[in-house]
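Summary of structural features
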Amino acid sequence: MIVRLKRGVSRLSLLVTLVGLGGCTALSHGFLNPQGPVAGHERDLFITVSIVLLFVAGPVLLLTPLFAWHYRLSNRSDAYRPKWNFSWWVEALIWIPPAGIVIGLAMLLWHWTQIDDPYRRLPGTTPVEVQAIALDWKWVFVYPDLGVAAVDRLTIPAGRPVHIRLTSGTVMQSMLIPQLAGQIYAMGGMTTELNIQAHRPGRFRGENTQYNGAGFQQQKFDVVAVSPAAYDRWAAAARRGTRTLDAQTWRRLSARSIITKPVEFARVPPMLFEHVLAATGDMTHSPPKAVR
C-alpha cells in the first residue's frame, strides 16, 4: 500500500512539473512575451481587459459567500421584510456599473480593433512582400521580389514591416505567430493578409491552428528575424542555391507529407501564388482600398 502511494505521489509530482514547464513555455513563446508591435498591443489589451473584468468577477466572488452567510437559515437577528420589493440604490448598483463597463470595453475594443487590423499596413519603410501557401502539412513562403521560396521557415529582417498574403492549396488552415501577431485564416481560392514586424533578431514559433488531418500537430515553422545586413546576405545566398521549384517538385510538395527540415528554392515559377489561387477558386477576401 505504501509503495503504491509513493508511486502515485511521484507520478503526480511529475505531472505537476510537466504542466508547470508547459506553462512556462506557453508564456515565453506566447503573446505575453511579445516581440513585435502587434503582439505588444494584444498583450496590453489583454491585461487591460483582464483588470476591467476583475471589477465584474470581484464583487460576485466576494458577495456570494457574504450573501450565503447573511441569509443563512440560523440568522434570526436581522429584520424580516417580506413585502420589500424595490430600492433605487440597488437598481443603480445593478445597472450603472455593468453598463459603464460594457460601454468602456466597447470603445476600447473598437479603437484597438482598428489599430491591430491584420490588413492594416504597419508604419515604417517599404514592407517585405511574402506570399504564404498552406499545404498538408507544411507552409510554403514565396518572396516574389527575390524570386525565391522557403518551406517551413520564414526569414524576415528585424525592424522592418512584413506584408504576408495567404492562401491555401488544400483545406482551410490558420496561421498563428503568437509573439508577432494574431491568428489569420488561409483558405483555398481566397486571399487574406497579415502584417507583422519583429522588434529584434530572434527565432519565433509559427504554426497552423486549424485541424487538417493526421499531420496537423507537426505543421509548425520558424520565423527567423535577422538584422537587415544578415537578411541581405540570406537573400543573396538563397538566390545562389541549386534547387528549383518546378512543376514536378511542386506536385511532390503538394502531396500530404511532413518534411524533416526547412528547404529553400532558388528559382520559383512566376505567379506561383496566383496559379495556386486560380486552381482553388480565385476569390479575394481583402477590404477596399479606402478602408486600409
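Now for a look at the structure at hand. All values reported here derive from a predicted model rather than from experimental measurement. (Residues numbered from 1 in each chain as written. Predicted model: local features only at pLDDT ≥ 70, side-chain atom pairs only at ≥ 80, totals over all residues. Heavy atoms only, no water.)

Attention now moves to helix H5 (residues 247-254). Where H5 is concerned, the buried positions are Thr 249, Trp 250 and Leu 253. What you see down the axis of H5 is that its buried residues fit within an arc of 100 degrees, all on one side. The outward face of H5, more than 90 degrees from its buried face, is lined by the exposed residues Ala 247, Arg 251 and Arg 252. Those residues of H5 that are buried lie in contact with strand S1 (128-135), strand S2 (138-143), strand S3 (148-151), strand S11 (263-265) and helix H6 (272-279). (Buried < 20%, exposed > 50% of the residue type's maximum accessible area, 1.4 Å probe, protein only. Helix = DSSP H or I, 4+ residues; strand = E, 2+ residues; numbered from the N terminus. Arc of directions from axis to C-beta. Contact = heavy atoms within 4.5 Å.)

Take the pairing of S2 next. Here S2 lies mainly inside the structure; six of its six residues are buried. Residues Lys 138, Val 140 and Val 142 point to one face of S2 and Trp 139, Phe 141 and Tyr 143 to the other, with burial holding for every one of them. Pairing of S1 with S2, which is carried by five bridges, proceeds in the antiparallel orientation. The residue bridging Gln 131 from the neighbouring strand is Val 142, located in S2. Between S1 and S2, which pair antiparallel in sequence order, lie two residues. Pairing of S2 with S3 involves four bridges; the strand directions are antiparallel. Looking across to S3, one finds that Tyr 143 is bridged to Val 148. Linking S2 back to S3 in an antiparallel pair, the connection comprises four residues, with Gly 147 at a positive phi of about 75 degrees. (Pairing = 2+ DSSP bridges.)

So, about the layout of surface pockets. Size it by volume and the largest pocket reaches roughly 1,000 Å³. Taken together, 26 residues form the lining of the largest pocket, with Phe 67, Tyr 71, Trp 84, Trp 89 and Val 90 sitting closest to its centre. Broken down by element, the residue count for the lining of the largest pocket peaks at nine residues, all from helix H2 (residues 37-70). Looking at the second largest pocket, its volume works out to about 190 Å³. (1 Å grid on protein atoms, 1.4 Å probe; cavity = no way out; pocket = protein on both sides within 12 Å on 5 of 7 lines; lining within 4 Å. Points joined across faces, edges and corners; volume = space filled by probe spheres on them.)

This part covers a nonpolar patch on the surface. Together, Leu 27, Leu 32, Phe 46, Ile 47, Ile 51 and Phe 55 make up an exposed nonpolar region whose accessible area comes to about 580 Å². No other element matches H2, which puts four residues into the nonpolar patch. Along the chain, the position of Ile 47 falls in helix H2. (Patch = residues over 30% accessible without salt bridge, like charges linked within 9 Å, V, L, I, M, F, W, Y side chains within 5 Å. Areas by Shrake-Rupley, 256 points an atom, 1.4 Å probe, with all protein chains shown as cover. Salt bridge = Lys/Arg side-chain N within 4 Å of Asp/Glu carboxyl O.)

It is worth spelling out the sheet that holds S1 at this point. Taking strand neighbours across the sheet as the criterion, the six strands line up as S8-S5-S1-S2-S3-S11 in an open arrangement whose pairing is mixed. Every other strand in the sheet has two partners, leaving strand S8 (192-196) and S11 as the edge strands with one partner each. When the angles between neighbouring strand axes are averaged without regard to direction, this sheet yields 20 degrees. Here S3 runs beside S11; their pairing, made up of three bridges, is antiparallel. Within the sheet, the bridge partner assigned to Ala 150 lies in S11 and is Glu 264. On top of the sheet, helix H4 (residues 228-239) reaches S1, S2, S3 and S11; it is set at about 95 degrees to S3, its chief contact. (Axes fitted to C-alpha atoms, helices over the stretch in contact; angles between N-to-C directions.)

Positionally, Val 226 belongs in strand S10 (residues 220-226). Accessibility expressed as a relative area gives 18% for Val 226, which makes it buried. Linking Val 226 and Ala 158, residues 68 residues apart in sequence, is a C-alpha distance of 5.4 Å. Setting aside its immediate chain neighbours within four residues, Val 226 contacts Thr 155, Ile 156, Pro 157, Ala 158, Pro 201 and Tyr 231.

Further remarks concern the pattern of salt bridges. Under the counting rule described, the total for this entry stands at six salt bridges. For the salt bridge of Asp 136 with Arg 256, the shortest nitrogen-to-oxygen distance reads 3.3 Å. One end of the pair, Asp 136, is in the loop between S1 and S2; the other, Arg 256, is in the loop between H5 and S11, and 120 residues separate them in sequence. Taking relative accessible area as the criterion, Asp 136 reaches 4% and is therefore assigned buried. Salt-bridge contacts for Asp 222 lead to Arg 203; the nearest nitrogen and oxygen are separated by 3.2 Å. Here the residue Asp 222 occupies a position in strand S10, and Arg 203 occupies one in strand S9 (residues 202-208), the gap between them amounting to 19 residues. Classification of Asp 222 by relative accessible area gives partly exposed; the value is 27%.

Reading across from one edge, S4-S10-S9-S6-S7 is the order of the five strands in this open sheet, with mixed pairing throughout. The strands lining the two open edges of the sheet, one partner per strand, are strand S4 (153-157) and strand S7 (184-186). Ignoring which end each strand starts from, the neighbouring axes of this sheet average 25 degrees apart. Alignment of S4 against S10, held across five bridges, turns out to be parallel. For Leu 154, the partnering residue across the bridge sits in S10 and is Val 223. The sheet contacts of H4 involve S4 and S10, and relative to S4 the element is tilted by about 130 degrees.

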